[in-house]
Protein chains: 2
Amino acid sequence: MLPLKKDMKLMRSLQQKKFRNETGLFIVEGKKMVEEAIASNCEIHSIYTTDPEWKGEGSEAFLIPAREMETISGLSTPAGYLAAVFQPQNKSLTSTEKFVFVLDGINDPGNLGSIMRTADWFGVKSILCTPDTVDAFNPKVVQSTMGSIFNTSVHYLAESAIAKWAVENGYTLMGADLSGADLFGLPFPEKTALVIGSESHGIRDGLRAHIKQFVHIPGNGKAESLNAGVAAAIMVSQWFRTKRN
Amino acid sequence: MLPLKKDMKLMRSLQQKKFRNETGLFIVEGKKMVEEAIASNCEIHSIYTTDPEWKGEGSEAFLIPAREMETISGLSTPAGYLAAVFQPQNKSLTSTEKFVFVLDGINDPGNLGSIMRTADWFGVKSILCTPDTVDAFNPKVVQSTMGSIFNTSVHYLAESAIAKWAVENGYTLMGADLSGADLFGLPFPEKTALVIGSESHGIRDGLRAHIKQFVHIPGNGKAESLNAGVAAAIMVSQWFRTKRN
């Protein structure tokens, strides 16, 4: 069975946020990622492969030539397996978790993907984002989550709504900032909402006013800052270390 | 003053390792990075900018049109500032530091750059790499170090030479591995050489046989692994936390 021209056009369009929003679809690539999509709760729209041997875990896949795959893949070296997946709908923002990330204008797809993967490692399920944070269904974000896109939920809210939600649900807003207290000497609150700003502008005024405790990662080298995904990871690892017992 | 055609050709060639090795040069891009290169101990070969206002911190820069910058830049959106810098020569591998990273076949440039930046944050100066680890002067590595390329030194050695160096200088080889002991319950040795493998193959047999202690990062989520740069950062942050007092 061969895909229609309009299917291929649809696949190409999903590189753009506008069309992802309109269709509610997103793209995953790579054998493992496609298999994880099939195994997840997400509904699959369509699957494409260049591999005639691949059985697609029982799902029907379009077998397409490599030159066609190149036209729909967002990777510089297409993996040969691509699926269009429906974005999970109505993932509600639960307030029973002890730790959530809040991302303030993180615009690097690799950083968001890395934070989602790290969150998923430590059992953190919810990530709140200011509206200008990069789209979690951006193909570069999806690929760098390495499958954690299916285990975490990302919610885009205005700064004021994030602050209101935190207060109403008993979360203390902490903020990663060079001016903050020493991460390694600080007890975490009972329910932590940790705000991470972007590397270029840090945490902006909209959220800054609501933060109860700033925290920084001590170091004695010469680097002026850490990668945002790395800073988020070091901080959540400390939270996990101090809270799990 | 305008650059010669052969200079532009040379700049383009430095995207390739072969020509970086032949010339001993590497490329840095971005205003801040170029200014850090000038302020560093590295010798500058030549500087190019599209910004007529920029004074280059006293260094002479070729003012070139944006379309020329596009031909020599490795960035999808050229920053407008580019320098060719001589690679530091004869950086000797010191053995007085309490912590060194050992990277086994890390081939993602962003991961190496991130590890160099994190190392520089925590005051770790030396990074040993197996010969198939990505070149530290690869433009993508350089850019993701955010200047830490000038504060860290990377040494490429065969596995057996790394193991020999560690033994002779009193380092205990630790390895990041899912089978290892709990990071948060483990004392670090007096002198630690922490081996990080690539995400695809982990630590390979060549180094594995020499490792005295494997260690893993505990988590209770669903992700199967962490990004190599993230795992390295969480581990070195624990070392720093337990050793600084």
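Refer to the preceding data block for the structure.
For the structure given in this document, a descriptive report is provided here. These numbers were taken from a predicted model, which means no experiment stands behind them. (Residues numbered from 1 in each chain as written. Chains lettered and ligands numbered in written order. Predicted model: local features only at pLDDT ≥ 70, side-chain atom pairs only at ≥ 80, totals over all residues. Heavy atoms only, no water.)

## Quick notes on helix 9 (residues 228-243) of chain B
For step 1, the next point in the chain: Spanning 16 residues, helix 9 of chain B covers 22 Å between terminal C-alpha atoms, matching the ideal 22 Å at 1.5 Å per step.
For step 2, the next point in the chain: By the N-cap criterion, in which a side-chain oxygen at the helix start approaches the backbone nitrogen of a residue two or three places on, helix 9 of chain B is capped by Asn227 of chain B, the distance to Gly229 of chain B being 2.7 Å. (Helix = DSSP H or I, 4+ residues; strand = E, 2+ residues; numbered from the N terminus. Expected span 1.5 Å × (residues − 1). Polar contact = N/O pair within 3.5 Å; in protein donor to acceptor, adjacent residues only side chain to side chain.)

## Re the sheet that holds strand 8 (residues 172-182) of chain B
Residue and element names in this part refer to chain B.
For step 1, the next point in the chain: Read from one edge to the other, the open sheet built from six strands follows the order 7-6-5-9-8-10, with strand pairing classed as parallel. Pairing within the sheet leaves two strands with one partner each, and these edge strands are strand 7 (153-156) and strand 10 (213-216). When strand polarity is set aside, the average angle formed by the axes of neighbouring strands in this sheet is 35 degrees.
For step 2, the next point in the chain: Alignment of strand 8 against strand 10, held across five bridges, turns out to be parallel. Bridge pairing in strand 10 places Met174 opposite Gln213. (Pairing = 2+ DSSP bridges. Axes fitted to C-alpha atoms, helices over the stretch in contact; angles between N-to-C directions.)

## Quick word on the sheet that holds strand 2 (residues 44-49) of chain A
For step 1, the next point in the chain: Taken together, four strands build an open sheet; the order of strands is 1-4-2-3 (chain A) and the sheet is mixed. The open sheet is flanked by strand 1 (25-29) and strand 3 (62-63) of chain A, the only strands paired with a single partner.

## As for the packing of helix 9 (residues 228-243) of chain A against helix 9 of chain B
For step 1, the next point in the chain: At a closest axis distance of 9 Å, the pairing of helix 9 of chain A and helix 9 of chain B adopts a crossing angle of 55 degrees. If you check the angle between helix 9 of chain A and helix 9 of chain B, you find them oblique. Classified by chirality, the crossing of helix 9 of chain B by helix 9 of chain A is right-handed. Contacts between helix 9 of chain A and helix 9 of chain B pair Gly229, Val230, Ala233, Ile234, Ser237, Gln238 and Arg241 of chain A from the former with Gly229, Val230, Ala233, Ile234, Ser237, Gln238 and Arg241 of chain B from the latter.
For step 2, the next point in the chain: Residues of the contact of helix 9 of chain A with helix 9 of chain B, tallied by class, amount to six nonpolar, six polar and two charged. (Parallel < 35°, antiparallel > 145°, perpendicular 65-115°, else oblique. Left-handed = near helix turned anticlockwise from the far one by under 90°. Contact = heavy atoms within 4.5 Å. Nonpolar A, V, L, I, M, F, W, Y, C, P; charged D, E, K, R; others polar.)

## A few points about the packing of aromatic side chains
For step 1, the next point in the chain: As enumerated under the stated definition, the model contains 18 aromatic pairs over all chains in all.
For step 2, the next point in the chain: Both rings, one in Trp54 of chain A and one in Tyr81 of chain A, keep their centres 5.3 Å apart while their planes meet at 80 degrees; by these two values the pair is edge-to-face. You can see Trp54 of chain A sitting in the loop between strand 2 and strand 3 and its partner Tyr81 of chain A sitting in strand 4 (residues 81-86), a full 27 residues away along the chain.
For step 3, the next point in the chain: Note on Phe26 of chain B and Phe150 of chain B: the rings are 6.4 Å apart at their centroids and 40 degrees apart in plane angle, and the pair reads as tilted. Taken together, the residues Phe26 of chain B in strand 1 (residues 25-29) and Phe150 of chain B in the loop between helix 6 (139-145) and strand 7 connect sequence positions 124 residues apart. Here Phe26 of chain B matches Phe150 of chain B in class, with each residue buried.
For step 4, the next point in the chain: Members of the aromatic cluster, joined through ring pairs, are Phe99, Phe101, Phe122, Trp239 and Phe240 of chain A.
For step 5, the next point in the chain: Lying over the aromatic face of Tyr171 of chain A, Lys191 of chain A brings its terminal NZ or CZ to 4.6 Å of the ring centre. (Phe/Tyr/Trp six-rings, centres within 6.5 Å; stacked < 30°, edge-to-face > 60°. Buried < 20%, exposed > 50% of the residue type's maximum accessible area, 1.4 Å probe, protein only. Lys NZ or Arg CZ within 6 Å of the ring centre and 35° of its normal.)

## Focus: the interface of chain B and chain A
For step 1, the next point in the chain: Each partner contributes residues to the interface: chain B has 35 residues there, and chain A has 35 residues.
For step 2, the next point in the chain: Counting the surface lost from both chain B and chain A, the interface buries some 3100 Å², and carbon and sulfur atoms represent 57% of this.
For step 3, the next point in the chain: Taken together, the links from chain B to chain A amount to four salt bridges.
For step 4, the next point in the chain: Residue Glu199 of chain A pairs with Arg117 of chain B through a salt bridge whose shortest N-O separation is 2.9 Å.
For step 5, the next point in the chain: Run the count over chain B and chain A and you get 20 residue pairs in polar contact (both at pLDDT 80 or more).
For step 6, the next point in the chain: Every element with two or more residues in the side of chain B that touches chain A is listed here: helix 3 (31-39), helix 5 (109-121), strand 8 and helix 9 of chain B.
For step 7, the next point in the chain: Of the residues forming the side of chain B that touches chain A, the biggest block, eight residues, is contributed by helix 9 of chain B.
For step 8, the next point in the chain: Class assignment of the residues belonging to the side of chain B that touches chain A gives a composition of twelve nonpolar, 13 polar and ten charged. (Buried area = accessible area lost by both parts, 1.4 Å probe. Salt bridge = Lys/Arg side-chain N within 4 Å of Asp/Glu carboxyl O.)

## What about the pattern of salt bridges?
If the charged atoms of two oppositely charged side chains come close together, the side chains can form a pair.
All names here are of chain B.
For step 1, the next point in the chain: Per the counting criterion, the structure on display carries 20 salt bridges over all chains.
For step 2, the next point in the chain: Residue Arg204 pairs with Asp132 through a salt bridge whose shortest N-O separation is 2.6 Å. Here Asp132 lies in the loop between strand 6 (126-129) and helix 6 and Arg204 lies in the loop between strand 9 (192-197) and helix 8 (205-208), a separation of 72 residues in the sequence.
For step 3, the next point in the chain: Note on Asp132: relative accessible area 42%, which makes it partly exposed.

## Notes on the relation of the copies chain B and chain A
For step 1, the next point in the chain: It takes a turn of 180 degrees to lay chain B on chain A, together with a shift of 0.0 Å along the axis; the resulting RMSD is 0.0 Å. Within this description, the copies of the chain are treated as partners about a two-fold rotation axis.
For step 2, the next point in the chain: The residues that chain B uses at the interface reappear at the interface of chain A in 100% of cases, marking a shared surface. (Least-squares fit on C-alpha atoms with pLDDT ≥ 70 in both.)

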